[in-house]
Amino acid sequence: MRLEPVPTDGNHEARSAARDTLGMLWVLPLLEPAADTRRKGLPCAIPPMCEDCAKNAPRYCPRLREKHVELRVKEAEPTGVCGTLYPRPGTSAAPQPNTLVRYSSPDLQFVVAHEAVRELCRVTVVAFVAPIPRPLSGGPVP
């Protein structure tokens, strides 16, 4: 897959996450409802976004382009990592890729993490967004 550069005005620089009275802005792929309802929040490895990135990301990210949800989040506590969980010494179990391991877990020392995970709480759904057309030849979508 060819990644296309995000068009900018030449002055684009890293910005802080957009905030308002409802919280920080997150744009997430719209997923099927989770079966596990024991947690009070939504585990998430995607960082919050500034307003410009929230507008552009769905045009260039295939997962967001399909359909996504815009959220405002008041609490986003770091809770763990996602990575490959290796078996404890002396066991013959296979490594478990893409495993969520909480910071409070005794298994934390056996995981090679590739993402930090936050738990999103006090969430307000701002919008559900339908599929977005792909950009043609790397140019912006009107």
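Along each chain, residues carry numbers from 1 onward, in the same order as the chain's sequence is written. Reporting of local features is limited, given that this is a predicted model, to residues whose pLDDT is at least 70; pairs of side-chain atoms are given and counted only at 80 or more, and all residues count toward the totals for whole chains, interfaces and linings. Heavy atoms from the whole structure form the basis of all side-chain values; hydrogens and water molecules are not counted.

## Here's the deal with helix α1 (residues 51-60)
Stated formally: To sort residues, take the accessible area from a 1.4 Å probe on protein chains only and compare it with the maximum for the residue type: under 20% means buried, over 50% means exposed, and anything in between is partly exposed. Put simply, DSSP marks the helices as runs of H or I at least four residues long and the strands as runs of E at least two long, and each gets a number from the N terminus on. The directions from the helix axis to the C-beta atoms are what the arc is built from. Note on contacts: a residue pair is in contact if any heavy atoms of the two residues lie within 4.5 Å.
Ala54, Ala57, Pro58 and Tyr60 are the residues of α1 that are buried. The buried residues of α1 occupy an angular sector of 165° when the element is viewed end-on, so they sit on one face. Among the structural elements, β2 (23-29), α2 (62-66) and β4 (68-85) are those in contact with the buried residues of α1.

## Considerations on the confidence of the model for the chain
Test applied: You can read pLDDT as the predictor saying how much it trusts each residue, on a scale of 0 to 100.
When pLDDT is averaged along the chain, the result is 83, and 77% of the positions lie at 70 or above. Confidence scores differ between elements of the chain, with α2 showing the lowest mean pLDDT of 87 and strand β5 (residues 96-102) the highest of 96. Ignoring residues within four places in sequence, the model shows residues 1-10, a span with pLDDT below 50, making 12 contacts including any to other chains.

## Some thoughts on the pattern of salt bridges
Going by this rule: A side-chain nitrogen of Lys or Arg and a carboxyl oxygen of Asp or Glu constitute a salt bridge if their distance falls within 4 Å.
Taken as a whole and assessed by the stated rule, the structure comprises 6 salt bridges. Here Asp52 makes a salt bridge to Arg15, at a shortest N to O gap of 2.4 Å. Pair noted here: Asp52 is in helix α1 and Arg15 is in the segment before β1 (19-20), with a separation of 37 residues, a long-range link. Note that Arg102 and Glu119 form a salt bridge whose closest N and O atoms lie 3.2 Å from each other. Taken together, the residues Arg102 in strand β5 and Glu119 in strand β6 (residues 111-129) connect sequence positions 17 residues apart. Judged by its relative accessible area of 8%, Glu119 is buried. Here the salt bridges do not stand alone but share partners, grouping Asp20, Glu51 and Arg72 into one network.

## Some thoughts on unusual backbone geometry
Positive phi is not limited to glycine here, since Asn98 has a value of about 50°. Positionally, Asn98 belongs in strand β5. Of the residues examined, Asn98 reaches a relative accessible area of 58% and is grouped as exposed. One non-glycine residue, Arg122, lies in the positive phi region at around 55°. Within the secondary structure, Arg122 sits in strand β6.

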